[in-house]
Amino acid sequence: MGPGLVVTLRAVFRRQTSPGFSRPLALLVAGALFMENLDGTILQTAAPSIAADFGITPSSVGVTMVTYLLAVAVVVPASGWIADRLGTRRVFLWALAGFTVTSLLCALAPNLLWLCIFRTLQGICGALMIPIGRLAVLRAIRPTDLLAAMAYLTWPSLVAPVVAPFLGGLLSDTVGWRWIFGVNIPIGIILAIIGLRVIPKVDTTTRTPLDWRGFALVAGAVVCVTGGVELMAGGRWPIVVALLIASVLMTWAAVRVMRSMEHPLFDVDVMRIRTFRSGSIGGSVYRMVITAAPFLFALLLQSGFGWSAATAGAIITAVFVGNLVIKPVTTPIIRALGFRRTLILSTFAGALLLAAFVAVTPDVPVVVIVVLLVLSGVFRSIGFSAYNTLQFADVGERDLVAANTLSSTLQQVATALGIAVAALAVRIGVGIVGPDGDLAYRLAFGLVAALMLIPLIGALRLPSDAGATATVRYRAAAESSDAT
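Right, let's walk through the structure included here. (Residues numbered from 1 in each chain as written. Predicted model: local features only at pLDDT ≥ 70, side-chain atom pairs only at ≥ 80, totals over all residues. Heavy atoms only, no water.)

## Some points on the overall build of the protein
Piece 1. In terms of regular secondary structure, the protein is built from 19 helices and zero strands.
Piece 2. Computed over the C-alpha atoms, the radius of gyration of the protein is 22 Å, within 12% of the 23 Å expected from 2.2 N^0.38 for a compact globule of 484 residues.
Piece 3. For the protein, the residues scored as buried account for 55% of the 484 residues in total.
Piece 4. Within the protein, contacts between residues separated by at least 24 positions form 84% of all contacts whose residues are at least 6 apart in sequence.
Piece 5. As presented, the protein carries roughly 19,900 Å² of accessible surface, and 69% of it is formed by carbon and sulfur atoms.
Piece 6. A distance of 5 Å separates the average location of the 34 positive side-chain charges in the protein from that of its 21 negative side-chain charges. (Helix = DSSP H or I, 4+ residues; strand = E, 2+ residues; numbered from the N terminus. Rg over C-alpha atoms; globule rule 2.2 N^0.38 Å. Buried < 20%, exposed > 50% of the residue type's maximum accessible area, 1.4 Å probe, protein only. Contact = heavy atoms within 4.5 Å. Areas by Shrake-Rupley, 256 points an atom, 1.4 Å probe, with all protein chains shown as cover. Lys, Arg positive; Asp, Glu negative; His and termini not counted. Charge placed at Lys NZ, Arg CZ, Asp CG, Glu CD.)

The following block contains the structure:
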């Protein structure tokens, strides 16, 4: 490691952010995003308890997760227009309050129908919290503080899918599934009180009309792809193919409509910004793979190796340990290596680690599995932070709302695809080697690892100075320190 790199690391550790950066605001939004991300996945392990309480089959409970995802899918495309119309502060606080209230209603739901209704309302509130909370942070920072801000906003998406299975099972087995929603209430109240103090009160609004045609087409496309991937696990391929084709056609029509509107739902030409395009497309595939990974870990350890849900959940939290261990140095690594080298390193290492699970059998020592999971958490944290920051590195204030809305929509699709990809990879593995044993689950890791090559190709095509706007101040700081 050369002296220049040492100086750079020393500089970025000495001063992570500028005086104008609001850590309380970033932490507030990160807390809200974690609550929402956790709520979107935690019900899976609680399905048997809910089914027993309502007198239905566990598979029937899946409809509550589908209704939540569809509600989010419908509202996210309109989040940018809503923020511009009503103001980011007002919408975020109302969405946070609404999410808290609907959590209480979900906890009190008397049957499956009402739980689905309340989950739909909760999904609408969550759909506004996700992009508008991030928009509030992005509007309150300078470009040179983008890396530090996104470091706070990436951990909810990394941690929630990992801890959700264990936490959901723990709450269901001890105090009951209703507390899965009940724990949101005090958290939501605390976050709302903090939000009243830390969210900037200066908020601009615009009175442009809603692009109803663009909204209908984009929402329809996202609903079709979300519904299609949800049906993949059931093998309903004619319906899946029809929905995916409909999604492609509606996406094409939406682009044409929005380019012809004076006030489009969002400006699709933001995709011409190279770093935003690379960060959004490559980052979406990356998000899809790392969303699939925790579900594959759980399937391998439980269905493949025959471990209990509690044991498997406890072991999988090693991924979370990896996230925690590397998080303090994730931002310095990106600043020192640059986005291109960071993404190449993290995606290549991530693909290798997933592929390594093809060789993991029940005879492999637990400590080896834990080490692999920790390393997986390390590199997924680095890559996720880099992608989430790169996409906004060169986005100006004028394009910020459009970029944030489009990014949030793509992330919603990628998250839904991740769960479906995990199930589909296992089905392919079963089709190759049969349902007996653990080999089918191990082969699934090879298929998912191959998908990681897609963002790796995109990372290799980036210029060496991609996203330099977000790190230029630290280069200047390093040169200044070197001169003294």
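## Notes on the packing of aromatic side chains
Piece 1. Evaluation of the coordinates by the stated rule reveals 10 aromatic pairs.
Piece 2. Ring centres of F297 and F445 lie 5.5 Å apart, and the angle between their planes is 25°; on these two criteria the pair is classed as stacked. Here the residue F297 occupies a position in helix α13 (residues 274-304), and F445 occupies one in helix α17 (residues 439-451), the gap between them amounting to 148 residues. (Phe/Tyr/Trp six-rings, centres within 6.5 Å; stacked < 30°, edge-to-face > 60°.)

## A few points about the pattern of salt bridges
Piece 1. If you walk through the whole model with that rule in mind, you get six salt bridges.
Piece 2. Note that D269 is salt-bridged to R259, the shortest N-O span being 3.2 Å. Note that D269 is positioned in the loop between α12 (237-260) and α13 and R259 in helix α12, a separation of 10 residues in sequence.
Piece 3. The shortest N-O distance in the salt bridge between R272 and D269 comes to 3.7 Å.
Piece 4. Among the charged side chains, a salt-bridge network with shared partners connects R259, D269 and R272. (Salt bridge = Lys/Arg side-chain N within 4 Å of Asp/Glu carboxyl O.)

## Thoughts on the packing of helix α4 (residues 62-75) against helix α11 (residues 212-232)
Piece 1. Running from N to C, α4 and α11 cross one another at 155°; their axes reach a closest spacing of 8 Å. Taken as axis vectors, α4 and α11 run roughly antiparallel relative to one another. The crossing of α4 and α11 is right-handed. Along its contact with α4, which presents V66, L69, L70, A73 and V74, the element α11 presents F215, A219, V222, V223, T226, G227 and E230.
Piece 2. In the contact of α4 with α11, the residues fall into nine nonpolar, two polar and one charged. (Axes fitted to C-alpha atoms, helices over the stretch in contact; angles between N-to-C directions. Parallel < 35°, antiparallel > 145°, perpendicular 65-115°, else oblique. Left-handed = near helix turned anticlockwise from the far one by under 90°. Nonpolar A, V, L, I, M, F, W, Y, C, P; charged D, E, K, R; others polar.)

## Some points on the nonpolar core
Piece 1. Among the nonpolar cores identified, the biggest contains 61 residues, and F92, M129 and F266 are the most heavily contacted of them.
Piece 2. In terms of residue count, the dominant contributor to this core is helix α7 (residues 112-139) (eight residues).
Piece 3. Residues contacting F92, with those up to four places away along its chain left out, are L28, V29, A32, M129, I132, G133 and I199.
Piece 4. Counting residues in hydrophobic clusters, the runner-up holds 56 residues, among them V285, L296, Y387 and A466. (Core = buried A, V, L, I, M, F, W, Y, C linked by side-chain atoms within 4.5 Å.)

## Things to note about α7
Piece 1. Its 28 residues give α7 an end-to-end C-alpha distance of 40 Å, which sits within 8% of 40 Å, the value for a rise of 1.5 Å per residue.
Piece 2. Burial analysis of α7 places 20 of its 28 residues in the buried class, which makes it a mostly covered element.
Piece 3. The distance from a side-chain oxygen at the start of α7 to the backbone nitrogen of L113 is 3.2 Å, and the residue carrying that oxygen is N111. (Expected span 1.5 Å × (residues − 1). Polar contact = N/O pair within 3.5 Å; in protein donor to acceptor, adjacent residues only side chain to side chain.)

## A look at the side chain of T342
Piece 1. Mapped onto the elements, T342 comes out in helix α14 (residues 309-356).
Piece 2. Owing to a relative accessible area of 1%, T342 belongs among the buried residues under this scheme.
Piece 3. A distance of 2.6 Å separates the side chain of T342 from the backbone oxygen of G338, its partner in a polar contact.
Piece 4. Beyond its immediate chain neighbours, meaning those up to four positions away, T342 contacts I333, I334, L337, I382 and A386.

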